[in-house]
Amino acid sequence: MTRTSVDHDRVAWAWASIREHADGEHTTVSVRHACAACAQALDAQGAGVSLARGKGMREPVCAVGPGVDELEELQFTLGEGPAADAADARALVLARDLSSIDSGRRWPMFAPAALHRGVRSVLSAPLQAGAIQVGVLTVYRAVPDVASEDAIADLLVYADAAMLLVIGVSDGMAAERPDLTGRGFDERRAEVHQAAGMISVQLGVGVEEALVRLRAHAYARERRLAEVARDVVERRLRFSPDMNGNPADGRNPGSGREEDR
């Protein structure tokens, strides 16, 4: 499908593009198709969606494009980035050039990590309706983004579409749709939560604190969060208190130790 230069119904065009992606896979429309259509419309290398999971917490649930799943997970692991800011501010966040001094100051860990993975600009829009916020749609580009008015308008339309698809699922409208976000993310999310529960017991801390330790451990060792979680679940890695009896910091070498099964 091609888009004409004169478009008086942006919303209808966006939904048509989403359905086209779903039709191409002979499956039901899902959030994943909204990500794919959005990335195509904005000439991006990919897009992802993270959903709110409790106070101040978001988890990646969908990613389309090479390396985007890792970038979505990276923001979750670091706890910083355009998606986190978009969720906190409930507003659009445009990181037009991650190599800029401003981006380096704003996201000291995420910006260089994203640049290392070939991402130069990021656009994040909250998925919200009034006071209700369910997540964030993030688009990743390999070039600096001038963020034209058309591009921003498209991003917001796709964010609304993704929100409606998420709400539809939460209301039971798509209970039989395993392709909503992708099995890979579902499996990894379950493993991360299982690992956090195990660390919570090991350190005697709350689950949220355990998740922070897990994320810090993964970042300090430049490993993916899912890989570290799998090591914990399969008992190759155990978090233990430090010598003073206090829960060890996940960024310190002694926070977790390799163990034989």
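Here is a short report on the structure shown in this document. (Residues numbered from 1 in each chain as written. Predicted model: local features only at pLDDT ≥ 70, side-chain atom pairs only at ≥ 80, totals over all residues. Heavy atoms only, no water.)

Okay, the overall build of the chain next. A tally of helices and strands in the chain yields 10 helices and seven strands. Residue burial in the chain is summarised as follows: out of 261 residues, 49% are buried. Counting contacts in the chain only where the partners sit at least 6 residues apart, residues at least 24 apart contribute 58% of the total. Per element, the accessible surface of the chain, about 12,700 Å² overall, is 51% carbon and sulfur. (Helix = DSSP H or I, 4+ residues; strand = E, 2+ residues; numbered from the N terminus. Buried < 20%, exposed > 50% of the residue type's maximum accessible area, 1.4 Å probe, protein only. Contact = heavy atoms within 4.5 Å. Areas by Shrake-Rupley, 256 points an atom, 1.4 Å probe, with all protein chains shown as cover.)

This paragraph deals with helix α4 (residues 82-89). Considered for burial, the residues of α4 that qualify are Pro82, Ala83, Ala84, Ala86 and Ala87. Looking at the buried positions of α4, the neighbouring elements they touch are β2 (58-64), α3 (68-78), β3 (93-95), α6 (110-116), β4 (121-129) and β5 (132-141). Backbone geometry just downstream of α4 places Arg90 in the positive-phi region, at approximately 55°.

Read across the sheet, five strands follow the order β2-β1-β5-β4-β3 without closing on themselves; strand pairing throughout is antiparallel. The open sheet terminates on both sides in strands that have one partner only, identified here as β2 and β3. Here the average twist between neighbouring strands, direction ignored, is 20°. By the bridge criterion, nine bridges tie β4 to β5 in an arrangement that is antiparallel. Bridge pairing in β5 places Val122 opposite Tyr140. Where α3 meets the sheet, its contacts fall on β1 (46-52), β2 and β5, and the angle it forms with β2 comes to roughly 170°. (Pairing = 2+ DSSP bridges. Axes fitted to C-alpha atoms, helices over the stretch in contact; angles between N-to-C directions.)

As a further point, take the environment of Ser121. Tracing the chain through its elements places Ser121 in strand β4. With relative accessibility at 0%, the residue Ser121 sits in the buried group. Spatially, the C-alpha atoms of Ser121 and Ser99 are 8.7 Å apart, while their sequence positions differ by 22 residues. Among all residues touching Ser121, those that are not within four sequence positions of it are Ala95, Arg96, Leu98, Val139, Tyr140, Arg141, Val143, Pro144 and Asp145. In terms of polar contacts, Ser121 uses its side chain to reach the backbone carbonyl oxygen of Val143, at 2.6 Å. (Polar contact = N/O pair within 3.5 Å; in protein donor to acceptor, adjacent residues only side chain to side chain.)

In this section: unusual backbone geometry. Although it is not a glycine, Arg90 adopts a positive phi angle of roughly 55°. Here Arg90 lies in the loop between α4 and β3.

Its location among the elements puts Glu80 in the loop between α3 and α4. Given the relative accessible area of 13%, Glu80 is considered buried. Looking at Glu80, its side chain comes within polar contact range of the main-chain nitrogen of Met109, at 2.7 Å. What Glu80 contacts, discounting residues up to four positions off in sequence, is Gln75, Trp107, Pro108, Met109 and Phe110.

Burial within β2 is extensive, with five of its seven residues counted as buried. Looking at chain direction, β1 and β2 are connected through six bridges and run antiparallel. Counted as the bridge partner of Val49 is Cys62 from β2.

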